[in-house]
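Structure assessment
So you can see what is in the structure, the chains are spelled out below.
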Amino acid sequence: MSALGAVEVEVDAASGGPLFRPLSAEDGEQRPAEIESLCMNCFRNGVTRLLLTRIPFFKEIIVSSFACDSCSWSNTEIQSAGRIQEQGVRYTLAVTSRQDMNREVVKTDCATARIPELDFEIPAFTQKGVLTTVEGIIDRAVAGLEQDQPVRRATDEEVASKIDEFIGKLKQLKEVHSSFTFIVDDPSGNSFVENPHAPQKDDALVVTHYRRTPQQAAMLGLEGEEVNEKAANSAEDLRNEVFQFNTNCPECNAPANTNMKLVQIPHFKEVIIMATNCDSCGHRTNEVKSGGAIEPQGTRITLQITDPSDMTRDVLKSETCSVEIPELEFELGMGALGGKFTTLEGLLKDIGELVERNPFTLGDSSAPSKTEKLQEFLGKLCEIVEGKAKAHFIMDDPAGNSYLQNVYAPEEDPELKVERYERTFEQNEDLGLNDMKTEGYEVEGAPGR
């Protein structure tokens, strides 16, 4: 049995709990396993302590520490207990206070640590993996530079004096008299810098996931997986990647992030889904845009709702689509609710919320008759959602970019009717197509408009 296997059996038998326990100073049951092992300095027996732990909001790691009582030699390192991740990771921390120096850092042996302000870098595979703090990383770097200084002073005093000057700059960083940037770049994706505000966003910490280069993949021994990928896969990568860009929250105007993803809807076309989440006020919104052009013909989709299972059908409602429910004498114009990709139940609930929030039917100024009609309408709409009433649901999109799921696809759906029609002049005018010229405009120019 391997050493790690022996540790697993010992830990499980002793505690009866999970193998990897969260890293916590308050956990009295979390104890390292001790294994007698050979000291590589004096070749006598020392003790290796192994701690299997899980860092909150990160992953499982193995912390090992060796100490020899005979020669007092010691060594500490960490190893990831998981596999190499699908993408590399880069942590960029703006250090502005002493508290930032105490953040926990997991730096694997294949990670690079950099401080751009000093043009300082710890290359990959020059140190063993370590679980420490930002200050600990700087202390290890200082100790490494000071190690051979006596020899340098004897052989090359000029180089030694320059290194002493640089060591002084590193020590000054620990006082944080001025802010600096600390970067950990790990192609294996197994390094980590603590976010003390987790699960909330940390404005001082930027986490970037990236695709490994062929050189990085070869360094990790993955050249068989990474190097053979061709540039022709860029379109597929675009579909699999979630893009993020900065924007402002529509509610509180605070800086927020919008995620954008290209999605292929079966038996239809590609659409772009965008979602915005504001960390300041908690507002969330999502929007759907068509990933293609305006269709040559408009589309009218009619669904006869006969069963509660119809509520689970996927619905793509574009901004140019209007919705009609004849049994309720209800019509929702194009532009209302924006673009949405949801289920039929979700869309009907959004319609109910939109009607219920009508300012002319709320408060003391509302007429009792209007309030009664509103409650009657909401009651009937709720019956349709619950499957207690049958109705027709009609989507009319002049741009042809809306979709209602056919649960029998690729066969015809007996309850679903899709019609294509020629747009009227007014509909083309609403879409801005009457003044749009895509052929011959180079020759005729402006007079042809």
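Figured I'd write up the structure that's included with this text. Computed from a prediction, not measured in an experiment: that's the story for all the values here.

On to the packing of aromatic side chains. Inspection of the entire model under this criterion finds four aromatic pairs. Centre to centre, the rings of Phe-120 and Phe-166 are 5.6 Å apart; their planes meet at 40 degrees, and the pair counts as tilted. Of the two residues, Phe-120 is situated in strand β9 (residues 120-122) and Phe-166 in helix α5 (residues 157-173); the sequence distance between them amounts to 46 residues. The class of Phe-120 is buried, set by a relative accessible area of 14%. If you follow Arg-300 out to its NZ or CZ, it ends over the ring of Tyr-421, 4.7 Å from the centre.

This part is about the pattern of salt bridges. Within this structure, the stated rule accounts for 16 salt bridges. Among the ionic pairs, Arg-313 bridges to Asp-310, the shortest N-O distance being 3.2 Å. Each member of the pair, Arg-313 as well as Asp-310, carries the same accessibility label: buried. For Asp-350, the salt bridge goes to Lys-340, with nearest N and O atoms at 3.5 Å. On the criterion of sequence distance, the pair formed by Asp-350 in helix α9 (residues 344-356) and Lys-340 in strand β22 (residues 340-343) is long-range, its members being ten residues apart. Three or more residues are tied together by salt bridges with common partners; here these are Asp-100, Arg-103 and Asp-202.

A cluster of acidic residues, Glu-426, Glu-429, Asp-430 and Asp-435, forms a negative patch at the surface. Tracing the backbone shows Asp-430 in helix α11 (residues 425-430).

Its place among the elements puts Thr-132 in strand β10 (residues 130-133). Ignoring sequence-local partners within four residues, the contact set of Thr-132 consists of Arg-103, Glu-104, Val-105 and Ile-137.

Note: α-helices contain 3.6 residues per turn, so residues at a spacing of three or four share the same orientation. Between its terminal C-alpha atoms α9 stretches 18 Å, which fits the 18 Å expected from 13 residues at 1.5 Å a residue. Looking only at α9, the buried set comprises Leu-344, Gly-346, Leu-347, Leu-348, Ile-351 and Gly-352.

A separate point is the environment of Pro-250. You can see Pro-250 is positioned in the loop between β14 (242-248) and β15 (255-264). On the accessibility criterion, Pro-250 (56% relative accessible area) is exposed. On a C-alpha basis, the gap between Pro-250 and Arg-284 in space is 9.4 Å, while along the polypeptide they are 34 residues apart.

Here the focus is the packing of α9 against helix α10 (residues 368-385). One can describe the packing of α9 onto α10 by two numbers: an axis separation of 10 Å at closest approach and a directional angle of 170 degrees. Of the possible angle classes, the one that applies to α9 and α10 is roughly antiparallel. Residue-level inspection shows Glu-345, Leu-348, Lys-349, Gly-352, Val-355 and Glu-356 of α9 in contact with α10, the latter providing Leu-374, Phe-377, Leu-378, Leu-381, Ile-384 and Val-385. Of the residues assigned to the contact of α9 with α10, the class counts are eight nonpolar, one polar and three charged.

This part covers the pairing of β10. Residues Val-130 and Thr-132 of β10 are buried on one face, while the alternating residues Leu-131 and Thr-133, pointing to the opposite face, are not. As defined by bridge partners, strand β7 (residues 104-107) adjoins β10 across four bridges and the pair is classed as antiparallel. Each residue of the ladder has a partner; that of Val-106, found in β10, is Leu-131.

On to the environment of Glu-383, then. Locating Glu-383 in the fold gives a position in helix α10. Glu-383 sits in the partly exposed class, given a relative accessible area of 38%. Ignoring anything within four residues of it in the chain, the contact list for Glu-383 reads Lys-388 and Ala-389.

Before going further, it helps to spend a moment on the nonpolar core. Inside soluble globular proteins, nonpolar side chains tend to come together where they are buried. Ranked by size, the top nonpolar core spans 34 residues in total, and within it Ile-138, Leu-170, Phe-180 and Phe-182 carry the most contacts. If you tally residues by element for this core, the top one is helix α3 (residues 134-146), at five residues. Contact partners of Ile-138, with chain neighbours within four places excluded, come to Met-101, Ile-115, Leu-170, Leu-173, Lys-174 and Phe-180. Within the second largest apolar cluster, 26 residues are counted, among which are Ile-305, Leu-347, Leu-381 and Ile-384.

On to the packing of α3 against α5. Close contact between α3 and α5 brings their axes to 10 Å; oriented N to C, the two are set at 165 degrees. Classified by the angle between their axes, α3 and α5 sit roughly antiparallel to one another. Every pair of crossing elements has a handedness; the one defined by α3 and α5 is left-handed. Facing Ile-138, Ala-141, Val-142, Leu-145 and Glu-146 of α3, the residues of α5 in contact are Ile-163, Phe-166, Ile-167, Leu-170, Lys-171 and Leu-173. Split by residue class, the contact of α3 with α5 holds nine nonpolar, no polar and two charged.

Glancing now at the environment of Arg-44. Along the polypeptide, Arg-44 turns up in the loop between β2 (33-38) and β3 (45-54). Taking the relative accessible area as the measure of exposure, Arg-44 reaches 54% and is therefore exposed. In this structure the C-alpha to C-alpha distance between Arg-44 and Ser-70, which are 26 residues apart in sequence, comes to 7.2 Å. Excluding anything up to four places from it in sequence, Arg-44 contacts Ser-37, Leu-38, Cys-39 and Ser-70.

Next up on the list: the side chain of Arg-103. Of note, Arg-103 is situated in the loop between α2 (98-101) and β7. The exposure class of Arg-103 is buried, given its relative accessible area of 4%. Within the local environment of Arg-103, its side chain forms a polar contact with the side chain of Asp-202, the two groups lying 2.5 Å apart.

In space, the five strands of this open sheet follow the order β21-β20-β23-β18-β25, with antiparallel pairing throughout. What marks the edges here is a single partner per strand, and that holds for β21 (330-332) and β25 (416-421). Shown here is a sheet whose adjacent strand axes are inclined to one another by a mean of 15 degrees, direction ignored. Of the strand pairs in this sheet, strand β18 (residues 298-305) and strand β23 (residues 391-397) are connected by seven bridges, and their pairing is antiparallel. Bridged to Ile-305 within β23 is Ala-391. Most of the contacts of α9 go to β21, to which it runs at about 95 degrees, and overall it touches β18, β20 (322-325), β21 and β23.

Analysis parameters
- Along each chain, residues carry numbers from 1 onward, in the same order as the chain's sequence is written.
- In keeping with the model being predicted, local features are shown solely for residues with a pLDDT of at least 70 and side-chain atom pairs are shown and tallied solely at 80 or more, while totals for entire chains, interfaces and linings include all residues.
- The side-chain numbers reported here are obtained from all heavy atoms of the structure, hydrogens and water having been left aside.
- Stacked, tilted and edge-to-face are the three classes applied to pairs of Phe, Tyr and Trp rings, where Trp contributes its six-membered ring and a pair requires centres within 6.5 Å; stacked means planes under 30 degrees apart, edge-to-face means over 60, and tilted covers the rest.
- The numbering of helices and of strands both runs from the N terminus, where a helix is a DSSP run of H or I of at least 4 residues and a strand a run of E of at least 2.
- Exposure classes here rest on a 1.4 Å probe applied to the protein chains alone. A residue is buried below 20% of its type maximum, exposed above 50%, and partly exposed in between.
- Placement of a positive charge over a ring is assigned whenever Lys NZ or Arg CZ falls within 6 Å of the ring centre and within 35 degrees of the normal to the ring plane.
- The term salt bridge refers to a side-chain nitrogen of Lys or Arg lying within 4 Å of a carboxyl oxygen of Asp or Glu.
- Any residue with relative accessible area above 30% and no salt bridge may belong to a patch, with like charges joined within 9 Å and the nonpolar Val, Leu, Ile, Met, Phe, Trp and Tyr side chains within 5 Å.
- For the accessible areas, the method is Shrake-Rupley and the probe is 1.4 Å, while residue cover comes only from the protein chains on display.
- His is not counted, nor are the chain ends, whereas Lys and Arg count as positive and Asp and Glu as negative.
- Charge placement uses NZ in Lys and CZ in Arg. For Asp and Glu, CG and CD serve respectively.
- Throughout, a residue-residue contact means that at least one pair of heavy atoms, one from each residue, lies within 4.5 Å.
- By this rule, a helix spans an expected 1.5 Å times one less than how many residues it contains.
- Throughout, an axis means a line fitted to C-alpha atoms (over the contacting stretch in the case of helices), and angles, computed between N-to-C directions, take values from 0 to 180 degrees.
- Here roughly perpendicular refers to angles of 65 to 115 degrees, roughly parallel to angles under 35, roughly antiparallel to angles over 145, and oblique to all remaining angles.
- In the scheme used here, Gly and all other residues not listed as nonpolar or charged are polar, with Ala, Val, Leu, Ile, Met, Phe, Trp, Tyr, Cys and Pro taken as nonpolar and Asp, Glu, Lys and Arg as charged.
- Paired strands, in this sense, are two strands between which DSSP finds at least two bridges.
- Note on terminology: a nonpolar core comprises buried Ala, Val, Leu, Ile, Met, Phe, Trp, Tyr and Cys residues joined through side-chain atoms within 4.5 Å.
- Crossings are assigned a handedness: left-handed for a near helix turned anticlockwise from the far helix by less than a right angle, right-handed for a clockwise turn.
- In protein, a polar contact means a hydrogen-donor-capable atom and an acceptor-capable atom, both N or O and within 3.5 Å, with residues adjacent in sequence counting only if both atoms are side-chain atoms; elsewhere, any N or O pair within 3.5 Å suffices.

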